Amino acid sequence: MARSALTGTRIRERRTALRMKQADLARAVGVSPAYLNLIEHNRRRVSDSLLDQLAGALSVDPLALSEGAEGALFDGLREAAAAAGLGDPLSAAPELDRIEEFVGRFPGWAAVLAGGQARVAQLERVVEGYAERMAQDPFLLASLHEVLSAVTSLRSTAAILVEAEDIEPQWRARFLRTIQEESLRLSDTAEALVGYLDTLDEAETGLSSPQEELEAWLAARGWHLDEVERPGRFDPEAVIAGVPELASGAGRTLARMYLDRAAADARALPLARLRAALAAEGPEPGRIAAHAGVPLSVVFRRLASLPAGTDGLPALGLVICDGSGTLTFRRPMPGFALPRFGAACPLWPLYEALARPMQPIRAVVDMAGRLPQRFLTFAFCEPRAPAGFDGPVLAEAFMLILPAPAERAASERAVGSSCRICPRAACPGRREPSILTEGQGPRGV
Amino acid sequence: MSGRHVLLIEDEPHIAEAIRFILSRAGWQVSLQHDGLTAMAAIAAAPPDVVILDLMLPGRSGLEILSDLRADARFAALPVLMLTARGQQRDRDAAARAGASAFLSKPFANADVLAAVRALADGEPA
């Protein structure tokens, strides 16, 4: 057991709090009062067996005597020391061997330092959340690349004007015009970016909505929950207990709803039957539904619950929207940019399916983006009446996203993520100007 | 050195214009493609000494074009200078795997473009 140099002090504090005489305590544990006096003044170390006896006599946990309430404080200070060790290797190392002396002599400053370290750790988690967002948010990515393009143009053009000797007047005029145009572009992009950042409402985790909490949790689990696949019932509360991604009550509620439906789906189409259908029919949802005798909606959700690579299954994504077009589920497919906020591209087959319930739609789409990519999509909309014939009819549309076949077809559709970041200038579905195209045509970095 | 041919495949018109100006002044013959879809045909029609290839292009990405080039025996050794975004290590790794000869991060110094193209044309590491 780790022994603090302040153990004796704590023994003395506890004894005096109990109004027990030193001689009485010494007698109770079988040592002389003089020896106990040395212990209480931290001048003799206490053996484990004697500490247990003292703790028993003082009706306290031995840990409370050996580590005291300062345990967390020591941990915080050790973390601060470790963090300091990651910095300048030439700076003096904290005197870890005198940490107890420090706490004993300056408890207030120690608490300030440990509190500061705790705050730093908390902020680091928030920064990690932001970094994750930066790496995944299509709007931020597009904006940053727009900035990078404008800066590259400005830097090269300005350098030419400064460095090139005897530059012809027409070229000088042309490059000056470039600088003006790129400056405006930079200004517009920065304005849009600031406006976008102003709309963000961050939680402590860096995840801004319950839906994102749910998706972050599922992503961390590889989109596959073993618990729902096992026969028999399981406790949803045990599954979501202590999950760091599910930081809000609303996020946990969504997780419970997800688990309920995932369990029902697993009962309707158990993993073994799904894999058999997948092996026989490939990843075409309609064929799997016919093979397994289950509704298409179940197949969509079950496919999205399989980890990539199952039985040769390619990487896949799934989006689900309700009748309002709001995306209610997003399993991302690499390269298929899903909007973080607001509505998606109206040309997605998902929305065509929403307008044509019960009609399956198969389409290859060409997704605009930093790296244009093609995908095979299967979309389907299923109306349901959860409150019976007298209640509202609710629609739910699904779109499964798979890698596209190598062979191109004339019927492929040009789509984007959302209008704000879509470079397709002449798009019949455009509902607002793009920060990437305004007056300048398609761009990439 | 004078008269050697660089094909620049870049969809950003102002960046393309600046690179063309810099290289032309240094004696290079520069032709330009703005679209990934037409790039391969342009290379086949008039094989350049060096290709400057942007990663992000409309139609077909720079990575796809690079992969096609490396799969074609005629262009397997063609020097390709890849333009990537600064900080996008993932893009750079992908381009390295696809067979890029050298990289230049945006934003770049004009002198670095010139030095990289010269080195590649002379068969030196850029």
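Use the structure listed above.
The residue numbering used here restarts from 1 in each chain and proceeds along that chain's sequence as written. Here the convention is simple: chains get letters from A, ligands get numbers from 1, in the order in which they are written. Reporting in this predicted model follows two pLDDT cut-offs: at least 70 for local features of residues, and 80 or more for side-chain atom pairs to be given and counted; totals over whole chains, interfaces and linings ignore these cut-offs and use all residues.

**Q** I'd like a description of the overall build of chain B, backed by residues and values.
**A** Numbering of helices and strands starts at the N terminus; helices are DSSP runs of H or I of at least 4 residues and strands are runs of E of at least 2. Along its length, chain B carries 5 helices and 5 strands. Starting at the N terminus, the α and β elements of chain B follow one another as β-α-β-α-β-α-β-α-β-α. Here chain B holds 126 residues, and 44% of them are scored as buried. With C-beta atoms placed from the backbone, a contact is any residue pair whose C-beta atoms sit within 7 Å. Considering only intrachain contacts with a sequence separation of at least 6, the fraction spanning at least 24 residues in chain B is 57%. Exposure criterion: with C-beta atoms placed from backbone coordinates, a residue whose C-beta has 20 or more other C-beta atoms within 10 Å is buried, one with 12 or fewer is exposed, and one in between is partly exposed.

**Q** Just give me the short version of the sheet that holds strand E3 (residues 361-367) of chain A, but keep the residues and values in it.
**A** Residues and elements named next belong to chain A. Any two strands with at least two DSSP-identified bridges between them are counted as paired. Strand order in the open sheet formed by 6 strands is E2-E1-E5-E4-E3-E6, and the pairing between neighbours is mixed. With one partner strand each, in any of the chains shown, strand E2 (327-331) and strand E6 (413-415) form the two edges of the open sheet. Strand-to-strand twist of the sheet, defined as the mean angle between neighbouring strand axes without regard to direction, takes the value 30 degrees. As paired strands, E3 and strand E4 (residues 373-384) are joined by 7 bridges and run antiparallel to one another. Within the sheet, the bridge partner assigned to alanine 363 lies in E4 and is threonine 377. All axes here are fitted lines through C-alpha atoms, helices being fitted over the stretch that makes contact, and every angle between N-to-C directions spans 0 to 180 degrees. The strands that helix H17 (residues 296-304) touches are strand E1 (317-322), E2, E4 and strand E5 (394-403); relative to E5, the one it contacts most, it runs at about 45 degrees.

**Q** Describe helix H14 (residues 249-268) of chain A, and please don't skip the residues or the numbers.
**A** Taking 1.5 Å per residue as the helical rise, H14(A) with its 20 residues ought to reach 28 Å, and the 29 Å between its terminal C-alpha atoms agrees with that figure. In this structure, the buried side of H14(A) is in contact with helix H11 (210-220), helix H12 (226-229), helix H13 (236-240) and H17 of chain A. To estimate how far a helix should reach, multiply one less than its number of residues by 1.5 Å.

**Q** Just give me the short version of the sheet that holds strand E1 (residues 5-9) of chain B, but keep the residues and values in it.
**A** Residues and elements named next belong to chain B. If you trace the 5 strands from one edge of the open sheet to the other, you get E2-E1-E3-E4-E5, paired in parallel fashion. Pairing within the sheet leaves two strands with one partner each, and these edge strands are strand E2 (29-33) and strand E5 (102-106). Going from strand to strand, the sheet's axes swing by 20 degrees on average, the running direction of each strand aside. Sheet topology places E1 next to E2; 5 bridges connect them, and they run parallel. When the bridges of E2 are listed, valine 6 appears paired with valine 30. Contacting strand E4 (80-85) and E5, helix H4 (residues 89-98) crosses the sheet at an angle of about 160 degrees to E4.

**Q** Residues and numbers for unusual backbone geometry, please.
**A** Cis geometry is adopted by the peptide bond preceding Pro107(B), which originates at Lys106(B) and carries an omega value of -5 degrees. Position of Pro107(B) among the secondary structure elements: in the loop between E5 and helix H5 (110-121). Here Trp223(A), not a glycine, exhibits a phi torsion of approximately 65 degrees, which is positive. Relative to the assigned elements, Trp223(A) resides in the loop between H11 and H12. Looking at Trp223(A), the number of C-beta atoms within 10 Å reads 18, which means it is partly exposed. The phi dihedral of Met358(A) is positive, around 70 degrees, even though this residue is not glycine.

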